[in-house]
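# Coordinate inspection notes
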Amino acid sequence: MKKFFALICMITCIFGLTACGSEETLTEYEQQKVDYAEQLAAQKVVPLLASFMDDAAAQTFAENTNEEIEYIFGNDYSMNVDGYALASAIESYHSAAADIGSITAIGEAEGRIDDDQIIVYVQVEGEKKDAEAEVIFSNDMFMVLESSALNPMSSMGELMMGATLNTLVGMGTVFCVLILICLIISCFGVFAKMQTGKKNQDEKEEKKPAVESPAQQTAVLEATAPQTDDLELIAVIAAAIAASEGKTSTDGFVVRSIRKVRRSRY
């Protein structure tokens, strides 16, 4: 049973890879549109946009509105264009001039259909470096120019340099974050020690007795001295007085004060 399921999975994977690798077959009419789009992009659109790579030409053309652009290209060059898209395309070609220089040759074009668009890639040779022009037409009978851009192609050395810089930036960011995390974790121990020390100090201050002055200590001792001896002495004196007067009770006696008399030694 397991072998059967494994066989089914293998067959499914094979059919999936076959479907991914197969190219979509175009009808004769679609192939004609793609061929015409490739010819139009390589022989008309790219050379025409390349003429606006100069600063003066780009500045002069930038003064026209989108409606004027559509009229000029429709009347003078027999091209259906979108005014806003063409203005953006001229700006893209003008910006790429600083990297590739002037265009020296226009190479092969390769197009494909993507839903309601026909995308054509044209290889371009420049004075400083090569580039690739991307031209997009509407997939209908009017073949309206919807977008175009000139993208300089980076050399292998530039690609390696970019990849190296990206790697260094990524690794540097990771190490910085790790160092920051370590610092934060180490601060937790410092905060814990500070809190423990403060707690111990508060406990010591609570246990430490208050320092009293000598006068306060004397008053406390006098207030807490035992009164047992005085009470016994009062009872004995009251009983003696009552006996001398022939009374059997000490009721009615009031002791005002008791003074001790010191006897002289001589």
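Higher on the page you've got the structure.
Now for a description of the structure that goes with this document.

Conventions adopted
- Residues numbered from 1 in each chain as written.
- Predicted model: local features only at pLDDT ≥ 70, side-chain atom pairs only at ≥ 80, totals over all residues.
- Heavy atoms only, no water.
- Helix = DSSP H or I, 4+ residues; strand = E, 2+ residues; numbered from the N terminus.
- Buried < 20%, exposed > 50% of the residue type's maximum accessible area, 1.4 Å probe, protein only.
- Contact = heavy atoms within 4.5 Å.
- Areas by Shrake-Rupley, 256 points an atom, 1.4 Å probe, with all protein chains shown as cover.
- Pairing = 2+ DSSP bridges.
- Axes fitted to C-alpha atoms, helices over the stretch in contact; angles between N-to-C directions.

The next point concerns the overall build of the protein chain. The number of helices and strands found in the protein chain is 8 helices and 4 strands. When the helices and strands of the protein chain are listed from N to C terminus, the series reads α-α-α-α-α-β-β-β-β-α-α-α. A burial count over the protein chain gives 19% of its 266 residues as buried. Partitioning the intrachain contacts of the protein chain with sequence separation of at least 6 by distance along the chain shows that 50% fall at a separation of at least 24. Of the roughly 20,500 Å² of accessible surface on the protein chain, a fraction of 59% belongs to carbon and sulfur atoms.

Time to look at the environment of H94. By secondary structure assignment, the location of H94 is in helix α5 (residues 83-100). Owing to a relative accessible area of 27%, H94 belongs among the partly exposed residues under this scheme. Each C-alpha atom, one on H94 and one on S51, is 9.4 Å from the other, the two residues being 43 residues apart in sequence.

Sheet architecture is open: 4 strands sit in the order β1-β2-β3-β4, paired in antiparallel fashion. The open sheet terminates on both sides in strands that have one partner only, identified here as β1 (103-114) and β4 (145-152). Here the average twist between neighbouring strands, direction ignored, is 15 degrees. Both strand β3 (residues 131-138) and β4 contribute to a ladder of 7 bridges, which runs antiparallel.

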